[in-house]
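The lines below spell out each chain.
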Amino acid sequence: YNGEGYSRDKLREQYVQNSTYQRVQDFVCKDVAVTDQDVQADYDAKVAADKALYENDVNAYENQISLNLSQNSTDKPWYHPAGYRFVRHILLPVDTDLMAKYTDLQARLEEQMDNETDTAAATETPTESADPSATAEPTQEPVTQADLDNAKAEILASLSAKTTEIYDKIAAGEDFNALIAEYGVNADGSASDPGMTSDQYPNGYEVSLASTTFVPEFVQAAFSVDKVGDVSAPFISNYGVHIVKYMADVPEGPVELTDTLK
């Protein structure tokens, strides 16, 4: 407590204040009865508010899930929008040098494309301040899509023995969660994606095509298969190589008003 800046007097003041608030609340509420109609009305209002919010703002839905899981909010979403599915994945770590090469090429290619867009826009609306005699500064050798594809191929080749093992075991009916625990590990034995081995995501991650919580490559992998139970091909992101299983659909609509929730 001393290390956090508390003193004995400050702690006593805080405890007395909390005790006072609790006694006042108990006194004021002693004759208050909450009816089933009250509960239903509150539930309906919460569902309606979340439905209106999430239909126009995917980020709000995913942010609320994150806030609840991080224990920064006690409220879970009261309404599940359409288009979400539960997925789980095996995240295979990639050799550091191969990943650095891939991410560097990817960043440079994206920068080139942005520059080309800016140049095209500038050409359409030239400014009088442009100096025609100015010499462009030398740049790196341009990156092509073929360069990026070759870097991807190198990563996949480096893990080909492992991915072959995984797909063979999936075909043989081995449990996907067991494969996550076996292959989704770093060199030091820690989980490459701790979310997959924690109790916070018993059904997997909730993902939609519009998701912004996850990197685009993971979203692409999640929606690269059509049937529940299907497993994706390997997809590469800056986190590693993802092998994603489509676990189930997230039912659209309000959360169930169970006795516990009441």
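Refer to the structure presented above.
Residues numbered from 1 in each chain as written. Predicted model: local features only at pLDDT ≥ 70, side-chain atom pairs only at ≥ 80, totals over all residues. Heavy atoms only, no water.

Caption draft 1: Structural view of the sheet that holds strand β2 (residues 85–92). Taken in spatial order, the four strands make up an open sheet running β3-β2-β5-β4, and their pairing is antiparallel. Here the strands that pair on one side only, and so sit at the sheet edges, are β3 (205–207) and β4 (235–237). In this sheet, neighbouring strand axes are inclined to one another by 50 degrees on average, regardless of whether the strands run parallel or antiparallel. One ladder, built from eight bridges, connects β2 with strand β5 (residues 240–249); its direction is antiparallel. Within β5, the position partnered with V87 by the bridge is Y246. (Pairing = 2+ DSSP bridges. Helix = DSSP H or I, 4+ residues; strand = E, 2+ residues; numbered from the N terminus. Axes fitted to C-alpha atoms, helices over the stretch in contact; angles between N-to-C directions.)

Caption draft 2: Structural view of helix α5 (residues 145–158). Between the first and last C-alpha of α5 there are 20 Å, a value that for 14 residues agrees with the 20 Å anticipated at 1.5 Å per step. Turning to α5, its buried residues number three or more, namely L148, A151 and I155. All buried residues of α5 project into a common sector of 60 degrees when viewed along the axis, lining one side. (Expected span 1.5 Å × (residues − 1). Buried < 20%, exposed > 50% of the residue type's maximum accessible area, 1.4 Å probe, protein only. Arc of directions from axis to C-beta.)

Caption draft 3: Geometry of the pairing of β5. Direction of pairing for β4 relative to β5: antiparallel, over a ladder of three bridges. Along β5, the bridge assignment pairs I236 with V241. The turn joining β4 and β5, which pair antiparallel and follow one another in sequence, is formed by two residues.

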